[in-house]
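Report on the structure
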Amino acid sequence: MGRKLLLDKAHIEGIRYYDVYRKNGGYAAAEKALKSMSPDQVTEEVKKSGMRGRGGAGFPTGLKWSFLAKPEGVPRYLVCNADESEPGTFKDRYLMEFLPHLLIEGLLISSFALGANTTYIYIRGEYAWIPDILEEAIAEAHKNGWLGKNIQGSGFDLNIYVQRGAGAYICGEETALIESLEGKRGTPRIKPPFPAVKGLYQCPTVVNNVETLAAIVPIINIGGDEYAKIGIGKSAGTKLISACGNLNKPGVYEIEMNISVEEFIYSDEYCGGIPNGKRLKACIPGGSSVPIVPANLLLTTAKGEKRMMTYESLNDGGFATGTMMGSGGFIVLDEDQCVVRHTLSLARFYHHESCGQCSPCREGTGWMEKVLKNIEHGKGKMSDIDLLWDIQRKIEGNTICPLGDAAAWPVAAAIRHFRDEFEWHVLHPDEAQRRNFGLAHY
Ligand code: NAD
Ligand code: SF4
């Protein structure tokens, strides 16, 4: 049984409420940090832990914190990115819904380390019921002296505010999120400057994902060195994976990053295999923005070793053969699923969510959707497959924010690994049209 650092208490009845959380060891890490550590010591523990950001990019958290500019007399902000909108990703929702005090405790420790007295949780609009849960927990934390002025006599002040998004995927991109938080339209800024230097209201800002901030609690509880021993190499600690698609037991799992992909999919401790004994066809292991990978490459590396659930192993071979850990949104496709249809559904999503600032993304996503729709509906030509390849190549690396790459990679990987399926649609137009009967909205 793998070690659990985040979800170990999730099963306790009433853990959502302060009294139960506190009785079960809650706020011990905050107490330790505020009473016996300096802000720099907290940052040092996070650095030692090797924990990488859990939102998708995997940037080392301690390093990001150390980039925070600290000009005299200028406020600093911590922003919790709870705009979890990546298709297939729902782990942060689970944390916020069932363990809101774990997040608040993580925010408190992190704000203390960064010297931020105002912290925002920016939550996606579709998580309509969760702000109430968070606000109730924030009120409880205030009442019990964990927020407000002079927290637990430490001299440190902190207020946390919850801000609801309005349903735009792009507001999960940190600079678009900041724009939205400032009351403007959520469009990404050009980086640099990074938020660590010029973020919210042009002040130094750290933007971290929900899981990243919750993981600060066990890091302080057990110490950075101990945390770094869990997992393999630069994939330190535990990671939440939201598993969905053709699985017997979809759900949110906390894994130590030392198990194989095969174990994660097939063992009863995790996903319990594919329903009805079907064959595994492909998987997107890190949310829709990372490349799809066929079963053979997913389970085994080029060296014939088992592929592991780590940042390095999943990315082995780059985008051509490997994929990425991303946000941990693990989407499984069985042998009955159509990769072309699946790719069209993603292309439609990215076209809809493009903010329209840069032409390769604004025009290219729509173009890819159109070409894919033709192929899927049996109206495509062989040359459309090469056209699709060409369009995605022209988007990748030519846009302001990663949404452009995220739209291009799934298309590239689908053609690279499943070109025969695209060709089948062109060669069997009647059958392709028949399969789509009644599904014209796609
Ligand atoms: P990124 O690599 O540009 O940045 C990672 C983080 O490190 C950012 O906070 C950035 O500000 C910081 N950083 C990097 N270099 C820095 C420097 N020199 N100085 C200061 N700070 C620096 O990636 P990103 O745009 O934050 O994230 C992209 C990822 O987000 C994608 O790969 C995707 O997996 C993921 N994603 C997740 C969701 C979700 O719902 N969880 C949704 C969409 C995308
Ligand atoms: Fe907007 Fe797309 Fe450009 Fe990102 S890549 S800034 S979403 S147009």
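In this text, all values refer to a predicted model and were calculated from it rather than measured experimentally.

Focus on unusual backbone geometry
Here Lys191 and Pro192 are connected by a cis peptide whose omega angle stands at -10°. Looking along the chain, the bond that leaves Pro192 and enters Pro193 is cis, with omega of 5°. Structurally, Pro193 can be placed in the loop between α8 (174-181) and β4 (205-209).

What about the pairing of strand β1 (residues 77-82)?
Burial analysis of β1 places six of its six residues in the buried class, which makes it a mostly covered element. The two faces of β1 match: Tyr77, Val79 and Asn81 on one face and Leu78, Cys80 and Ala82 on the other face are all buried. Relative to strand β2 (residues 118-123), β1 runs parallel, the two sharing six bridges. The partner of Asn81 across the bridge, within β2, is Tyr122.

A closer look at the packing of aromatic side chains
Scanning the model with the defined rule gives 17 aromatic pairs in all. Aromatic side chains Tyr18 and Tyr27 sit 5.6 Å apart centroid to centroid with 45° between the ring planes, which places their arrangement in the tilted category. Classification of Tyr27 by relative accessible area gives buried; the value is 0%. Their ring planes at 20° and their centres at 4.8 Å tell us that Tyr27 and Trp146 sit as a pair that is stacked. With Tyr27 in the loop between α1 (18-23) and α2 (28-36) and Trp146 in the loop between α7 (130-143) and β3 (159-164), this pair connects stretches of sequence that are 119 residues apart. Across this residue pair, the class does not change: Tyr27 and Trp146 are buried. By the ring-pair criterion, three or more aromatic residues cluster together here, those being Tyr18, Tyr21, Tyr27 and Trp146. If you follow Arg52 out to its NZ or CZ, it ends over the ring of Tyr311, 4.1 Å from the centre. Arg124 extends its terminal NZ or CZ atom over the ring of Tyr127, reaching a point 5.1 Å from the ring centre.

Concerning the pairing of strand β8 (residues 251-256)
Across the six residues that make up β8, a large majority, six, are buried. Burial along β8 is two-sided: Gly251, Tyr253 and Ile255 and Val252, Glu254 and Glu256, pointing in opposite directions, are all buried. Examined bridge by bridge, strand β7 (residues 238-245) and β8 share six bridges and lie antiparallel to one another. Bridging across to β8, Thr238 finds its partner in Glu256.

Notes on the sheet that holds β7
The mixed open sheet is built from five strands, whose spatial order is β8-β7-β11-β9-β10. In the strand order of this sheet, the two ends are held by β8 and β10 (293-294), each with one partner. In this sheet, β10 lies alongside strand β9 (residues 280-284) in antiparallel orientation, the contact comprising two bridges. The partner of Ala282 across the bridge, within β10, is Pro294. Seen against the sheet, helix α5 (residues 91-98) touches β7 and β8 and runs at an angle of roughly 115° to β7.

Points about the pattern of salt bridges
Counting across every chain of the model gives 27 salt bridges. A salt bridge links Glu211 to Lys239; the shortest N-O distance between them is 2.9 Å. Residue Glu211 is located in helix α9 (residues 210-222), and its partner Lys239 is located in strand β7; the two are separated by 28 residues in the primary sequence. In this structure Glu211 comes out as buried when scored by relative accessible area, which is 0%. Arg434 is paired through a salt bridge with Glu431; the nearest N and O atoms lie 3.0 Å apart. Of the two residues, Arg434 and Glu431 both sit in helix α19 (residues 429-435), three residues apart, roughly one turn of that helix.

Let's talk about α8
Taking burial as the measure, the eight residues of α8 include eight buried ones, the bulk of the element. Taken residue by residue, α8 has Glu174, Thr175, Ala176, Leu177, Ile178, Glu179, Ser180 and Leu181 as its buried positions. Buried residues along α8 sit in contact with α4 (61-66), β1, β2, β3 and β4. Just downstream of α8 lies Gly183, where phi reads positive at about 95°.

Calculation criteria
Residues numbered from 1 in each chain as written. Chains lettered and ligands numbered in written order. Predicted model: local features only at pLDDT ≥ 70, side-chain atom pairs only at ≥ 80, totals over all residues. Heavy atoms only, no water. Helix = DSSP H or I, 4+ residues; strand = E, 2+ residues; numbered from the N terminus. Buried < 20%, exposed > 50% of the residue type's maximum accessible area, 1.4 Å probe, protein only. Pairing = 2+ DSSP bridges. Phe/Tyr/Trp six-rings, centres within 6.5 Å; stacked < 30°, edge-to-face > 60°. Lys NZ or Arg CZ within 6 Å of the ring centre and 35° of its normal. Contact = heavy atoms within 4.5 Å. Axes fitted to C-alpha atoms, helices over the stretch in contact; angles between N-to-C directions. Salt bridge = Lys/Arg side-chain N within 4 Å of Asp/Glu carboxyl O.

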